[in-house]
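Remarks on the overall topology
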Amino acid sequence: MRTHFDEELKELNKEIINMGTLIEQAIGMAVDALINQDVEKAHAAMDFDEEIDHEEKTIENLCLKLILSQQPVATDLRTISAALKMITDIERIGDHATDISDLAIALSTMPRIEQVTHIEQMAKETMLMLIQGVEAYVEKDYDKAEAVIDHDDVIDNLFCQVKQEIIDIIQKDSDYASQATDLLLVAKYFE
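Reading guide: rules and limits
- Residues numbered from 1 in each chain as written.
- Predicted model: local features only at pLDDT ≥ 70, side-chain atom pairs only at ≥ 80, totals over all residues.
- Heavy atoms only, no water.
- Helix = DSSP H or I, 4+ residues; strand = E, 2+ residues; numbered from the N terminus.
- Buried < 20%, exposed > 50% of the residue type's maximum accessible area, 1.4 Å probe, protein only.
- Lys, Arg positive; Asp, Glu negative; His and termini not counted.
- Salt bridge = Lys/Arg side-chain N within 4 Å of Asp/Glu carboxyl O.
- Contact = heavy atoms within 4.5 Å.
- Axes fitted to C-alpha atoms, helices over the stretch in contact; angles between N-to-C directions.
- Parallel < 35°, antiparallel > 145°, perpendicular 65-115°, else oblique.
- Left-handed = near helix turned anticlockwise from the far one by under 90°.
- Nonpolar A, V, L, I, M, F, W, Y, C, P; charged D, E, K, R; others polar.

**Concerning the side chain of glutamate 56**
Take glutamate 56: it is sitting in helix α2 (residues 39–70). Of the side chains with opposite charge, lysine 57 comes closest to the buried, unpaired glutamate 56, at an N-O distance of 5.3 Å. With residues near it in sequence (within four places) discarded, glutamate 56 still touches Met19, Ile87, Thr88 and Glu91.

Here's what the structure looks like:
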């Protein structure tokens, strides 16, 4: 019976890794679309949302199946509960990738603001945290989980830099205020 449970947990982990990979791809494409004003890529990034939502439902069903069929207790139940909590949070990251894609489309017709340099770095750091967070869960690696938590300071610092860049842009030329505000919203999604 335990062997069957362990096999189902492996399947659960595989699906969580897949979901994390989909979200990583969606973020990468959304940011690339934003930076390069690429409407096609923004639409392609948005297409990931349905697949991510489907993956979330698959994982929820696997978790419920494990709970109902195996009646886990203690550590096993915490593992399943953590999976349910995690997929809800990372699915929201996928939604943010869609939101960034929407903004990329809206901003594609406006002159590009070159001075906001740290948004791309925020995206890279966010994707790194996402993947390392999934790995920490799958590997049950407490130290890696702590490192992900500590890495949040990097994102917070980058957000402060982007915010200052946005303030500087608006102070120099208020014509960019609307666009700059949208870019601040993108940075807030990553933060």
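Read on, since the account is not over.
**Re the packing of helix α3 (residues 74–107) against helix α6 (residues 177–190)**
Interaxial distance between α3 and α6 falls to 10 Å at its minimum, and their mutual angle equals 165°. What the angle tells us is that α3 and α6 run roughly antiparallel. Between α3 and α6 lies a crossing whose hand is left-handed. In contact with His96, Asp99, Ile100, Leu103 and Leu107 of α3, α6 contributes Gln179, Asp182, Leu183, Leu185, Val186, Tyr189 and Phe190. Looking at side-chain class alone, the contact of α3 with α6 contains eight nonpolar, two polar and two charged residues.

**Thoughts on the side chain of aspartate 49**
Looking at the element boundaries, aspartate 49 is found in helix α2. Lysine 57 provides the closest opposite charge to the buried, salt-bridge-free aspartate 49, at an N-O distance of 9.6 Å. In contact with aspartate 49, other than residues within four places in its own chain, are Glu91, Gly94, Asp95 and Thr98.

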